[in-house]
Amino acid sequence: MKKVLDKQFFNRKTLAVARDLLGKYLVRKTGKKIRRYKITEVEGYVGSHDLASHSSKGKTERNEVMFGEAGRFYIYLVYGMYYMLNVVTEKKDYPSAILIRGVEGLSGPGVITRELKINKKFNGKSASRKTRLWFEDGGKINPRKIKKTPRIGVHYAGPVWSKKPYRFILEE
DNA sequence: ACGATGATGAAC
DNA sequence: TTCATCATCGTA
C-alpha cells in the first residue's frame, strides 16, 4: 500500500512541495474504481505578494481556503467551463497553493477535472481516502528531468511575476 | 484565431 | 447593478 501524502507534506515551502509532487500520484476513487495518475506538471502560487495568485487580492469568498490549512483542495471555475484543481500549501494564513496542470495521460488542468469528475464540492476538503481524492507517494524520479518555466495564462500579473519560473514539468 | 460560458471582483 | 476579466479547451 502506497503512502498517502498528508498535511505535513504540504505544510512546507510551496515551490519545494511543487517540485516534490512531480512523480507522485493523484488518486481518484469513483464507485469501486480507483484510478492513479502520475503527476507531470504543476504550478506554484506563492503568497499574497505573488501578483499571479488569486490571494494577491486579499481574502475573498472564492479564495479563502488558500488562507487555511495545508493539504486541502482549492477548486474554482475559470472561463465559465473548467474547474481548476489546486492543493493548499504552507502554514495557515500564508495563502498559497499548487495548481495541478498535468498528469500522465491527461494534459491540461481543465481536462483533469473533467475526466476525474472534480467540481466545487471538493473545495475546502482535505486530500484523503475519505474524500475519494488524494495523493500517494511515488517512486524516485531523476531531478535532472525536472524542467522549470514561467506559469501559463498569467500575463495579468505584470512583467515580473508573470515570468517567475514557478511551473515545474517532469520530462519523460 | 476564436467562441463557449458563467462566476468573480471592482467600479459605480 | 453592471462590466471586464478570467490559472482553458476544442475546433478551425
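Residues numbered from 1 in each chain as written. Chains lettered and ligands numbered in written order. Predicted model: local features only at pLDDT ≥ 70, side-chain atom pairs only at ≥ 80, totals over all residues. Heavy atoms only, no water.

- In the nomenclature of an unreviewed UniProt entry, chain A corresponds to Putative 3-methyladenine DNA glycosylase.
- On record in UniProt, under Sequence similarities (unreviewed entry), the comment for chain A is "Belongs to the DNA glycosylase MPG family." (UniProt positions renumbered as here; feature names shortened; annotations may be inferred.)

**Considerations on the packing of aromatic side chains**
Stage number 1. Across all of its chains, the model carries six aromatic pairs by this definition.
Stage number 2. A ring pair is formed by Phe73 and Phe122, whose centres lie 6.4 Å apart and whose planes are at 90°; its orientation type is edge-to-face. With a gap of 49 residues between them, Phe73 in strand E3 (residues 73–78) and Phe122 in the loop between helix H3 (109–115) and strand E7 (133–136) connect regions that are remote in the sequence.
Stage number 3. Measuring from ring centre to ring centre gives 5.2 Å for Tyr74 and Tyr76, while their planes differ by 35°; the resulting arrangement is tilted.
Stage number 4. By relative accessible area, Tyr76 is classed as buried at 10%.
Stage number 5. A connected cluster of aromatic rings, assembled from ring pairs, spans Phe9, Phe10, Phe73, Phe122 and Phe135.
Stage number 6. Stacked on the ring of Phe9, the Lys or Arg Arg12 has its end atom at 4.8 Å from the ring centre.
Stage number 7. Seen from the ring of Tyr76, Arg62 lies directly overhead, with NZ or CZ sitting 5.6 Å from the centre. (Phe/Tyr/Trp six-rings, centres within 6.5 Å; stacked < 30°, edge-to-face > 60°. Helix = DSSP H or I, 4+ residues; strand = E, 2+ residues; numbered from the N terminus. Buried < 20%, exposed > 50% of the residue type's maximum accessible area, 1.4 Å probe, protein only. Lys NZ or Arg CZ within 6 Å of the ring centre and 35° of its normal.)

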